[in-house]
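Each chain, written out:
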Amino acid sequence: MFKLYLKIAVRYLLKNKLYSFINIFGLAIGIASFVLIMLYVNYEKSYDKFNGSENVHRVFMDYLEGGEFVPGDANAYIVSGPTLKDEFPEIEKFVRFRRIRNMVVLNNNTPFDGMVGSLADPEYFDVFDQGLVKGDESTALSKPYSVVLSTPTAQKIFGDTNPIGQPLKIAGDDSVTFTVTGVMDNTNRNTHIKNDVLVSFSTFYTWTIFKNDWNYTWNQNEYYTYVKVAPNTNAELLNQKIMAFVPEGFEFKERHHLEPIEDIHLYSNKPYEVEVNGNGGNIKLLSIIAFITLLLSWMNYMNLSSTKSLERAKEIGIRKVVGGKKSQLTFQFLSESAMLNCLAIVLALGAVFLLLPAFNRLVGQNLGFTGNQFKGLLPYLGIMLLGASLAALYPAFVLSRFSPAKVLKGQLQTSKNGLHFRRALIITQFVATISLLICTFMANKQIHYLKNRPIGANLNQVIALKGQILDRAYDSIFYNDFDVLLEELKRNPYVAEISCSRTYPGDDFSNTNSNIGITFPNGHTDETHIWYNYGARPGYFDLMGMDFVAGGAYLPTPEKRSHNVVINEEMVRFMGIDNVNTIIGKTINFWGQDWAVKGVVKDYNHFGMKSAMVPMVIRHDRTTQNILVKLDKRATTMAGADKALDEIKNIWDKVFPVSTYKYTFLDQKFEALFNEDRKFTKAFQIFTVLAILIASLGLFGLTSYTCIQRKKEIGVRKVNGATISEILQLLNQNFIKWVGLAFVIAVPIAWFAMDKWLEGFAYKTTISWWIFALAGMAALTIALITVSWQSFKAATVNPVEALRDE
Amino acid sequence: MLLHLKNIFKWVNSGGQRVFLLKDINLEVEEGEFISIMGPSGSGKSTLLNLIGMLDGFDEGEYTFLDEPVHTLKEKHRANLYKEYIGFVFQSYHLLDDLTVKENLEMPLLYKKYKGAERKAMVADMLDRFNIVGKKDLFPAQLSGGQQQLVGIARALISSPKLILADEPTGNLNSKQGEEIMELFKQLNNEGVTIIQVTHSEKNAAYGSRIINLLDGRMI
Ligand SMILES: Nc1ncnc2c1ncn2[C@@H]1O[C@H](COP(=O)(O)OP(=O)(O)O)[C@@H](O)[C@H]1O
Ligand SMILES: [Mg+2]
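Per an unreviewed UniProt entry, chain B goes by ABC-type lipoprotein export system, ATPase component and derives from Flagellimonas flava.

As annotated in an unreviewed UniProt entry, chain A carries the name Putative ABC transport system permease protein and is attributed to Flagellimonas flava.

Engineer: Which residues make up the overall build of chain B, and what are the values?
Structural biologist: Along the backbone of chain B there are seven helices and ten strands. By the compact-globule yardstick of 17 Å for 220 residues, chain B fits well, its C-alpha radius of gyration being 18 Å. Overall size of chain B, expressed as C-alpha extent along the three principal axes, is 55 × 40 × 35 Å. Evaluated residue by residue, chain B yields a buried proportion of 51% over its 220 residues. Within chain B, residue pairs in contact and separated by at least 24 positions form 73% of the contacts whose partners lie at least 6 positions apart. With the model as given, the accessible surface of chain B reaches about 10,300 Å², and the carbon-plus-sulfur share is 46%.

Engineer: An account of the packing of helix H2 (residues 17-45) of chain A against helix H18 (residues 675-709) of chain A is requested, with residue identities and associated values reported.
Structural biologist: Residue and element names in this part refer to chain A. Contact geometry of H2 with H18 gives a least axis separation of 10 Å together with a crossing angle of 155°. Considering the angle they form, H2 stands roughly antiparallel to H18. Once H2 is placed against H18, the crossing between them reads as left-handed. Packed against H2, whose contacting residues are Ile22, Phe25, Gly26, Ile29, Gly30, Ser33, Leu36 and Ile37, the element H18 presents Phe687, Leu690, Leu693, Ile694, Leu697 and Phe700 at the interface. Taken together, the residues of the contact of H2 with H18 sort by class into eleven nonpolar, three polar and no charged.

Engineer: Before we move on, can you summarise the interface of chain A and chain B with the specific residues and values?
Structural biologist: The interface is formed by 17 residues belonging to chain A together with 22 residues belonging to chain B. In total, about 1,700 Å² of surface goes out of reach between chain A and chain B, with carbon and sulfur atoms giving 53% of it. Counting across the chain A and chain B interface gives one salt bridge. Lysine 113 of chain B serves as the salt-bridge partner of glutamate 726 of chain A, at 2.9 Å between the closest nitrogen and oxygen. Viewed at the interface, chain B and chain A are joined by eight residue pairs in polar contact (both at pLDDT 80 or more). When residues of the side of chain A that touches chain B are traced back to their parent elements, those giving at least two are helix H19 (711-719) and helix H22 (799-803) of chain A. If you tally residues by element for the side of chain A that touches chain B, the top one is H19 of chain A, at six residues. Looking at the side of chain A that touches chain B, its residues break down into six nonpolar, four polar and seven charged.

Engineer: Now, about the UniProt feature "domain: ABC3 transporter permease C-terminal" (unreviewed entry) in chain A: what can you tell me, with residues and values included?
Structural biologist: Feature annotation in UniProt places "domain: ABC3 transporter permease C-terminal" (unreviewed entry) on residues 288-401 and 686-799 of chain A, given in this structure's numbering. With 85% helix and 0% strand, the stretch residues 686-799 of chain A has end C-alpha atoms that lie 42 Å from each other.

Engineer: Any chance you could break down the site of ligand 1 for me, citing the residues and the numbers?
Structural biologist: Taken together, Arg804 of chain A together with Val12, Leu21, Pro40, Ser41, Gly42, Ser43, Gly44, Lys45, Ser46 and Thr47 of chain B make up all the residues around ligand 1. Near ligand 1, residues from chains A and B are present, making the site a shared one. Between ligand 1 and glycine 42 of chain B, the relevant distance is 2.8 Å, taken from an oxygen atom to a main-chain nitrogen or oxygen of the residue. Looking at which element gives the most residues to the shell around ligand 1, the answer is helix H1 (residues 45-52) of chain B, with three residues. Residues belonging to the shell around ligand 1 are distributed by class as follows: three nonpolar, six polar and two charged.

Engineer: Give me the packing of aromatic side chains: which residues, what numbers.
Structural biologist: According to the stated counting rule, one finds 53 aromatic pairs over all chains in the structure shown. A centroid spacing of 5.7 Å and a plane angle of 80° characterise the contact between phenylalanine 97 of chain A and phenylalanine 128 of chain A, whose relative ring orientation is edge-to-face. Taken together, the residues span a long stretch of sequence, with phenylalanine 97 of chain A in strand S3 (residues 91-107) and phenylalanine 128 of chain A in the loop between helix H4 (124-127) and strand S5 (134-135) at a distance of 31 residues. When sorted by exposure, phenylalanine 97 of chain A lands in the same class as phenylalanine 128 of chain A, which is buried. Ring geometry for phenylalanine 34 of chain B against phenylalanine 185 of chain B: centres 6.3 Å apart, planes inclined by 75°, an arrangement best described as edge-to-face. Of this pair, phenylalanine 34 of chain B sits in strand S3 (residues 34-38) while phenylalanine 185 of chain B sits in helix H6 (residues 175-190), and the two are 151 residues apart along the sequence. Each of the two residues, phenylalanine 34 of chain B as well as phenylalanine 185 of chain B, counts as buried. A cation sits over an aromatic face here: arginine 96 of chain A above phenylalanine 201 of chain A, 4.0 Å from the ring centre. In this structure, arginine 18 of chain B is placed above the aromatic ring of tryptophan 11 of chain B, and the distance from its NZ or CZ to the ring centre is 3.9 Å.

The rules behind the values
- Residues numbered from 1 in each chain as written.
- Chains lettered and ligands numbered in written order.
- Predicted model: local features only at pLDDT ≥ 70, side-chain atom pairs only at ≥ 80, totals over all residues.
- Heavy atoms only, no water.
- Helix = DSSP H or I, 4+ residues; strand = E, 2+ residues; numbered from the N terminus.
- Rg over C-alpha atoms; globule rule 2.2 N^0.38 Å.
- Buried < 20%, exposed > 50% of the residue type's maximum accessible area, 1.4 Å probe, protein only.
- Contact = heavy atoms within 4.5 Å.
- Areas by Shrake-Rupley, 256 points an atom, 1.4 Å probe, with all protein chains shown as cover.
- Axes fitted to C-alpha atoms, helices over the stretch in contact; angles between N-to-C directions.
- Parallel < 35°, antiparallel > 145°, perpendicular 65-115°, else oblique.
- Left-handed = near helix turned anticlockwise from the far one by under 90°.
- Nonpolar A, V, L, I, M, F, W, Y, C, P; charged D, E, K, R; others polar.
- Buried area = accessible area lost by both parts, 1.4 Å probe.
- Salt bridge = Lys/Arg side-chain N within 4 Å of Asp/Glu carboxyl O.
- Polar contact = N/O pair within 3.5 Å; in protein donor to acceptor, adjacent residues only side chain to side chain.
- UniProt positions renumbered as here; feature names shortened; annotations may be inferred.
- Near = heavy atom within 4 Å.
- Phe/Tyr/Trp six-rings, centres within 6.5 Å; stacked < 30°, edge-to-face > 60°.
- Lys NZ or Arg CZ within 6 Å of the ring centre and 35° of its normal.

Listed below in structure tokens is the structure:
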């Protein structure tokens, strides 16, 4: 019996190819977008979820900024963890990480670079629920000079030899030898704090690369600190106590604060984050879009299939008259629906598999159906099955309820309720479509605005060279060689200018010093606001194309460093000085030293376009952190750039044969700061197009429904003199009205959403009226094209067909 | 002469075969005539009427309407011609269910570019003439079949056509209502309107001045 139904269903789907295609296609688009978005959303939500993660919190510092506490630093102090644990019995364990960036590991003098490492407390394995594949968790990080490697790192350094017990050195101080005590498999770990190498925290107190920090307690916060609280702790209450707690010897206008580790990736955006985090707002928006897309595609399916059912009314009437039972009919239509939905799901999953690589490239993730990511989808699978069955039931239900007498008399055409339902659906769809269009246009405008906004510095053709020199033990030798390198580079024809700086616009937060406490020339000391500084050589300003509004760059000195500084306009405003010229030559005081202001540079965006302007001081320093190279015009072509990079690398290798080397194009790095937003905008764009496609299918369905319904009316009007264009107008004007209504509803929604979204940016483009007009016009055009396809067919039908009296 | 059909053939292709719907139709109609077309079901009466009404084309022959060669006219010109000169009446009235009597009457005028005031006057005129002023705000479903057909005829007449084409106008009515409609046609005919109707009833056919018999698409 079931086989028979299936056979009939297949035959029906094949016979109505266009209908089946549109239906399956529409559903498949909805399901595929849903799965893709949810994979992405789930991935973003899965950060730092592990066994016990609900009890793990990060300790961060609130700064007093203009009388109010604001999240000021994702780091805490070296003593924060131990002090809090002693003070609060709820806190069972703590783990501190001191990041070791650009770590270079030496195995028998062979360097391995490109790893991130941390000093870590031995509780790491327990707090982060991380096991070891080799080694013993309870002792692995206990003794000084122990290291734990991730599986890929162990593989990279030791190949197939067992790493446990092997000696290693770490560049920076190669007089000490470390021992590998563990290998951890964290490749599938989705966390905001990624580690390839862990060094036992106890190493800190004797390892000379940290010798400057040995005496610090409440002086230096560079420690990402995580605490594990007892199960069932009231985190809110604990937080209140911790915020009110002032440890002994702690005299800053700061306080400790906890945040759940699970929330960090999506909801934390503090200075000195471990990495650029995701954006919870974007994720929420995307999930909403995912559900709307799915819902719309189901509603469309109901819409289309019940429309189609009108055409089948006769078949049903006849089946009923010849004795078809209601249950049998229901079953027949149900099998059709089920088959169609199954096909759509299969097609959608196929599409997801095919599109996943492209989607991954687009959003810069590595999503897949592996383990956890797939498990995260399972609850939605339930929703999908439920929705699909409801959607499948609806037409079967409607169809089997037709009364045969009415059907055979052709009285089915007028179902007002059905029409209202469809009308509401279409308006909703267009509200969604127009809102999405407006948001897409706005988001693009914003990205465009940020991209084209002057940075205040010219990053084009500027590269930063960075490397770790592994064989120069003594500073004097190193500095000597470094100067040789600079000279050699300067002589190269591809190099237009050269300088050095500790950091540069678009670089990581952590390479800039943040400070509180500065004395202005008038003697006033500010102790409540954050300001920033970094060191750079005198040629830096020229090379970066920064303009001075007063004074100029500090001049070179024989010692290559001095107590001269350049400040930005924001710093001048911060000091409350109106005339920038008056500050030149004046003295400011910080770090217990006097500094002479030599120049004021025009404000430039040091931390990218998403952050507001900050007060900045640039010190005359002999830094060797980054060699900045402005390439000559010859290097603007692709081939020229390749050649230039080659020659620069050769010069570097000649001077520092045993070293690591990395170059960065500054403009690319600067733009990468809004990669997240660009990705989001792209994803948004794609799903907007898909939502429009689905909405168009819905409109198509409704038009065909109305055209069937109004067939007679169209005939009568034509016979009474209506032209094709008048009929088109009649059929289309309602849709135009609906799009208009949808537009009116969509505008405030989109306005509100975009206003909220723009809040995340320090520099916002304007919400222009033409964006709304453009979105409205686009939606209207799409609607008209979709509708006209059907209504033109209906308008050109010979009225004789419609009016034939039986 | 109002219209002239000369050697008209109409066919459809079915399974590679020509199926003739009309064969060699020759017909001259003078202004002021009242013609009845008769014949068994499926003999091509409606087809012929639609052809005369320019709703349907033909495959061979010539059709002249008020000295215009219809078969060579462009679609738009042809539409203008029937818009101006021809009114249609149907067996099942074909009133628009969502419009009131008044709005149904006004509808054809909307497509003929009359001004609002003119339309109002013309509708009022028609309501008066057919004694249905009291029903002007009712919907078709609230009227009897005879009354609906009355509205149907009033709608066909509203822009003063020269020719009324009626396809079994009394087919859905009882004999008394049918008689009333026929009387109305007679009266309109006396006022100078040319009428061509399709009917199955000898009695109704007798109202006309001439009867055309069709059998298998051929005039006999
Ligand atoms: N477009 C068409 N295609 C095929 N057959 C048609 C078409 N129009 C009419 N016919 C056929 O032509 C014959 C005449 O139809 P019709 O003029 O409606 O007859 P009558 O009105 O005399 O009952 C019928 O058999 C009908 O099925
Ligand atoms: Mg007929």
